[in-house]
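Working through the structure, step by step
Below are the chains, spelled out letter by letter.
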Amino acid sequence: AQSVAQPEDQVNVAEGNPLTVKCTYSVSGNPYLFWYVQYPNRGLQFLLKYITGDNLVKGSYGFEAEFNKSQTSFHLKKPSALVSDSALYFCAVRVPRSGGSYIPTFGRGTSLIVHP
Amino acid sequence: DVKVTQSSRYLVKRTGEKVFLECVQDMDHENMFWYRQDPGLGLRLIYFSYDVKMKEKGDIPEGYSVSREKKERFSLILESASTNQTSMYLCASSSSGTTWNQPQHFGDGTRLSIL
């Protein structure tokens with residue numbers, strides 16, 4: 001089955017340190033990958049996407065993600081974490097559906113906690 | 001800025017009731033989606049629509065139906081609410097394109113409790 005996995009339920013990092021939130025995917029063909037962030041009691045907000053081109057994608061709020069085809073990964077990174085980055089992060093991959101549509105399938109989410 | 005508005009932030013209903021969740025987007029997006037979010041399970045797709053009056057089942061459509069009579073509005077209907085439908089419901093929209101590579105825009109969710 002085509003899917004995306006987030007192997008860590010929670011990531012803890014100290015403020016000012018670099019952070020990584022992991023995502024691996026399993027799809028046939030070229031993957032279209034997305035990262036979203038969800039703050040408490042809010043909907044998801046789009047951070048960045050990889051469609052094609054440069055393997056390092058830059059997004060909102062200083063986040064970036066590195067696409068690695070050989071490892072089938074799309075890890076989210078930030079050089080220096082802020083307490084305000086504490087939130088739930090979702091990775092998603094576009095998956096084909098019957099009828100020719102492609103719908104994002106989401107991972108289970110990773111809770112990022114940045115300690116002061 | 002794209003705005004996706006869900007009619008209620010919190011809703012409490014009783015078992016067996018027919019429940020309507022409403023979602024409106026203001027960016028003329030072709031695609032609209034309903035998800036439910038449960039701890040540890042992430043987002044699961046209930047239904048989506050790629051045009052007015054068009055709908056397709058997602059991964060967990062049982063017990064739900066949808067309606068899209070106008071482009072900007074997508075309604076989720078719980079035909080006979082049950083306690084296992086207590087959840088956070090998220091609506092999203094996205095613009096179309098032949099490669100479906102546009103990001104989704106989400107509402108703030110409706111936290112539904114079925115008693």
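Cut-offs applied
Residues numbered from 1 in each chain as written. Chains lettered and ligands numbered in written order. Predicted model: local features only at pLDDT ≥ 70, side-chain atom pairs only at ≥ 80, totals over all residues. Heavy atoms only, no water. Helix = DSSP H or I, 4+ residues; strand = E, 2+ residues; numbered from the N terminus. Rg over C-alpha atoms; globule rule 2.2 N^0.38 Å. Buried < 20%, exposed > 50% of the residue type's maximum accessible area, 1.4 Å probe, protein only. Contact = heavy atoms within 4.5 Å. Areas by Shrake-Rupley, 256 points an atom, 1.4 Å probe, with all protein chains shown as cover. Lys, Arg positive; Asp, Glu negative; His and termini not counted. Charge placed at Lys NZ, Arg CZ, Asp CG, Glu CD. Phe/Tyr/Trp six-rings, centres within 6.5 Å; stacked < 30°, edge-to-face > 60°. Lys NZ or Arg CZ within 6 Å of the ring centre and 35° of its normal. Salt bridge = Lys/Arg side-chain N within 4 Å of Asp/Glu carboxyl O. Pairing = 2+ DSSP bridges. Axes fitted to C-alpha atoms, helices over the stretch in contact; angles between N-to-C directions. 1 Å grid on protein atoms, 1.4 Å probe; cavity = no way out; pocket = protein on both sides within 12 Å on 5 of 7 lines; lining within 4 Å. Points joined across faces, edges and corners; volume = space filled by probe spheres on them. Nonpolar A, V, L, I, M, F, W, Y, C, P; charged D, E, K, R; others polar. Core = buried A, V, L, I, M, F, W, Y, C linked by side-chain atoms within 4.5 Å.

**A few points about the overall build of chain A**
Broken down by element type, chain A carries 0 helices and 12 strands. The secondary structure elements of chain A, listed N-terminal to C-terminal, are β-β-β-β-β-β-β-β-β-β-β-β. Here chain A has a C-alpha radius of gyration of 14 Å; the compact-globule value for 116 residues is 13 Å, and the two agree. Seen along its three principal axes, the alpha-carbon backbone of chain A occupies a region of about 50 × 30 × 20 Å. Put simply, chain A has 116 residues, and 47% of those count as buried. In chain A, once contacts between residues fewer than 6 apart in sequence are set aside, the share between residues at least 24 apart is 55%. For chain A, the accessible area works out to roughly 5400 Å², and carbon and sulfur atoms hold 49% of it. The distance from the centre of the 10 positive side-chain charges to the centre of the 7 negative ones in chain A is 10 Å.

**Some details on the overall build of chain B**
Each helix and strand counted, chain B has 0 helices and 11 strands in total. What you see in chain B, going N to C, is helices and strands ordered as β-β-β-β-β-β-β-β-β-β-β. The C-alpha atoms of chain B give a radius of gyration of 13 Å, which matches the 13 Å a tight globule of 115 residues would have. Along the first, second and third principal axes, the C-alpha set of chain B runs to 40 × 30 × 25 Å. Of all 115 residues assigned to chain B, the portion counted as buried reaches 49%. Look at the contacts in chain B between residues 6 or more apart in sequence, and 56% of them connect residues 24 or more apart. Within chain B, the 15 negative side-chain charges are centred at a point lying 6 Å from the centre of the 15 positive side-chain charges.

**Details of the packing of aromatic side chains**
Residues and elements named next belong to chain A. Considering all chains together, one arrives at 15 aromatic pairs over all chains under this definition. Residues Tyr50 and Phe67 carry aromatic rings whose centres are separated by 4.1 Å and whose planes lie at 15° to one another, so their mutual orientation is stacked. Placement of the pair is Tyr50 in strand E6 (residues 44-50) and Phe67 in strand E8 (residues 64-68), with a sequence separation of 17 residues. In this structure, Arg94 is placed above the aromatic ring of Tyr32, and the distance from its NZ or CZ to the ring centre is 3.7 Å. Taking the ring centre of Tyr102 as reference, the NZ or CZ of Arg94 above it sits at 3.9 Å.

**Digging into the pattern of salt bridges**
All names here are of chain B. By the definition in use, this model includes 9 salt bridges over all chains. For Arg36, the salt bridge goes to Asp38, with nearest N and O atoms at 2.9 Å. There is no split in this pair, since Arg36 and Asp38 are both buried. For Glu69, the salt bridge is made with Lys53, and the minimal N-O distance between the two is 2.4 Å. Within this pair, whereas Glu69 is found in strand E7 (residues 64-70), its partner Lys53 is found in the loop between strand E5 (42-51) and strand E6 (54-57), the two being separated by 16 residues in sequence.

**Observations regarding the sheet that holds strand E3 (residues 19-25) of chain B**
Residue and element names in this part refer to chain B. Ordered in space as E1-E3-E8-E7, the 4 strands form an open sheet in which the pairing is antiparallel. For this open sheet the edge positions go to strand E1 (4-6) and E7, each flanked by a neighbour on one side alone. Each adjacent strand pair in this sheet contributes to an overall mean axis angle of 20°, direction not counted.

**Some words on the layout of surface pockets**
Size it by volume and the second largest pocket reaches roughly 290 Å³. Lining the second largest pocket are 21 residues, and of these Gln38(A), Leu88(A), Gln37(B), Asp38(B) and Pro39(B) sit closest to its centre. For the lining of the second largest pocket, the secondary structure elements donating two or more residues are strand E10 (87-96) and strand E12 (110-115) of chain A together with strand E4 (31-38) and strand E9 (87-94) of chain B. Looking at side-chain class alone, the lining of the second largest pocket contains 7 nonpolar, 9 polar and 5 charged residues.

**Side note on the pairing of strand E2 (residues 10-14) of chain A**
Residues and elements named next belong to chain A. Only one face of E2 is buried, namely the one carrying Val11 and Val13, since none of Gln10, Asn12 and Ala14 on the opposite face is buried. Note: E2 against E12, 5 bridges, orientation parallel. Within E12, the residue paired with Ala14 across the bridge is His115.

**Here's the deal with the nonpolar core**
For soluble globular proteins, the rule of thumb is that nonpolar side chains tend to be buried together. By size, the foremost hydrophobic cluster in this structure holds 28 residues, and its most contacted members are Trp35(A), Leu47(A), Leu48(A), Phe74(A), Leu76(A) and Tyr89(A). Put simply, the parts of the chain that give this core at least two residues each are E2, strand E3 (19-21), strand E5 (33-38), E6, E8, strand E9 (73-78), E10 and E12 of chain A. The biggest single contributor to this core is E10(A), with 5 residues. Formed by 20 residues, the second largest nonpolar core is a distinct cluster that contains Val19(B), Met32(B), Tyr64(B) and Leu78(B).

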